[in-house]
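# Breakdown of the fold
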Amino acid sequence: KPFPFNIYKNKKEVTDILKIVIIMTLILLILVIIVLISNIKKYKISQFIYILFFAITGFGYMIIEIVLMQKYQQFIGNPVYSFMITLGGLLLFSGIGSLVSKFLPKKVVYISIIFIPIIIIFKMLFLDNIFDSFAQFSFNAKLIISIVLLFPLTFLIGIPFPTVLERVKDNTTKEFGPLMFGISGIFSTLGSTSSILFTITNGFTFSFMIGFFCYLIGILFFYLIIFLTKRV
């Protein structure tokens, strides 16, 4: 209600996939944990905040990505083009955000990421209304509109990751940085399937809220990491 997937009482088609993904991610996570434990003496307890940051933002990133794919498919109408625009836009714009972040003043970086949860809430509340306003536009126009609407959020989402990763490199060992890529990838994989389950069970708004809280908590970890690794 109103999602057609809800005709399946137990969501078996999704839960079966989720079980497989959970098993796979747990295996990968165990391998990462083994590496961390084997080098435990090299790290301070405070540095494990990095793990929480990369885990929760990786999970939240995929939650938002999958929901936006589903939303934009309703607007664009063509699943292939909506997939290309949404996934391509997310990867391209967040990549640009990551690249640009290294040239931005630190204050700009620290302030800009505050807008990530704000824009997520805005999209949750008004994206459907915006789509309704442009529903009569041509297919090509919808593609352009979709790209414009995607840019602000996806650009900002790309900023926190490299900023924290640089702190990881400066305050830990060489092995710790790549491990954080692994943590982010593991929880991103889990988030992609979880997002579908959240959506078909409780709707887009619920999934958006999960993504919102992931980034809200992630940003709190971001500022905590900046504070703990503040250069004298």
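Residues numbered from 1 in each chain as written. Predicted model: local features only at pLDDT ≥ 70, side-chain atom pairs only at ≥ 80, totals over all residues. Heavy atoms only, no water.

### Some details on the pattern of salt bridges
The cut-off we apply is this: Salt bridge, as used here: a side-chain nitrogen of Lys or Arg that lies within 4 Å of a carboxyl oxygen of Asp or Glu. Secondary structure is summarised from DSSP: a helix means a run of H or I of at least four residues, a strand means a run of E of at least two, and numbering begins at the N terminus for each. Think of it in three bands: residues with accessible area under 20% of the maximum for their type are buried, residues over 50% are exposed, and the middle band is partly exposed, with areas taken using a 1.4 Å probe on protein chains only.
Taken as a whole and judged by the stated rule, the model has 1 salt bridge. With a shortest N-O distance of 2.8 Å, K71 and D128 are connected by a salt bridge. Here the residue K71 occupies a position in helix α2 (residues 49-76), and D128 occupies one in helix α5 (residues 115-133), the gap between them amounting to 57 residues. The buried category is assigned to K71, whose relative accessible area is 6%.

### Regarding the packing of α5 against helix α6 (residues 139-157)
The cut-off we apply is this: For helices, the fitted axis covers only the stretch in contact; all axes are lines through C-alpha atoms, and the angles between them, taken along N-to-C directions, range from 0 to 180 degrees. The labels follow the angle: roughly parallel below 35 degrees, roughly antiparallel above 145, roughly perpendicular from 65 to 115, and oblique for the rest. The hand of a helix crossing depends on one turn: near helix anticlockwise from the far one by less than a right angle means left-handed, and clockwise means right-handed. Residue contacts follow a heavy-atom distance rule, with two residues in contact if any of their heavy atoms lie within 4.5 Å. Each residue is assigned to one of three groups, with Ala, Val, Leu, Ile, Met, Phe, Trp, Tyr, Cys and Pro labelled nonpolar, Asp, Glu, Lys and Arg labelled charged, and all others, Gly among them, labelled polar.
It is the contact of α5 with α6, at a shortest axis distance of 11 Å, that shows an interaxial angle of 160°. Judged by the angle between their axes, α5 and α6 are roughly antiparallel. As for the relative orientation of α5 and α6, their crossing is left-handed in sense. Along the contact surface, α5 presents F115, I116, I119, I120, K123, L127, I130 and F131, while α6 presents L149, P152, L153, L156 and I157. Looking at side-chain class alone, the contact of α5 with α6 contains 12 nonpolar, no polar and 1 charged residues.

### A few points about the environment of I63
Within the fold, I63 resides in helix α2. Since its relative accessible area comes to 0%, I63 is described here as buried.

### Quick notes on the packing of α2 against helix α9 (residues 204-228)
Where α2 meets α9, the closest approach of the two axes is 8 Å, and the angle between their N-to-C directions is 150°. If you check the angle between α2 and α9, you find them roughly antiparallel. In this structure, α2 crosses over α9, and the sense of that crossing is left-handed. Taken together, the residues that form the contact of α2 with α9 break down as 22 nonpolar, 7 polar and 1 charged.

### A few points about the side chain of T86
So the rule is basically this: Pairing of N or O atoms within 3.5 Å defines a polar contact, subject to two protein rules: one partner must be a possible hydrogen donor and the other a possible acceptor, and residues neighboring in sequence count only if both atoms are side-chain atoms.
Here T86 is to be found in helix α3 (residues 79-101). The class for T86 is buried, based on a relative accessible area of 0%. At 2.6 Å, the side chain of T86 forms a polar contact with the backbone oxygen of S82. Ignoring sequence-local partners within four residues, the contact set of T86 consists of E65, L68, M69, Y72 and L150.

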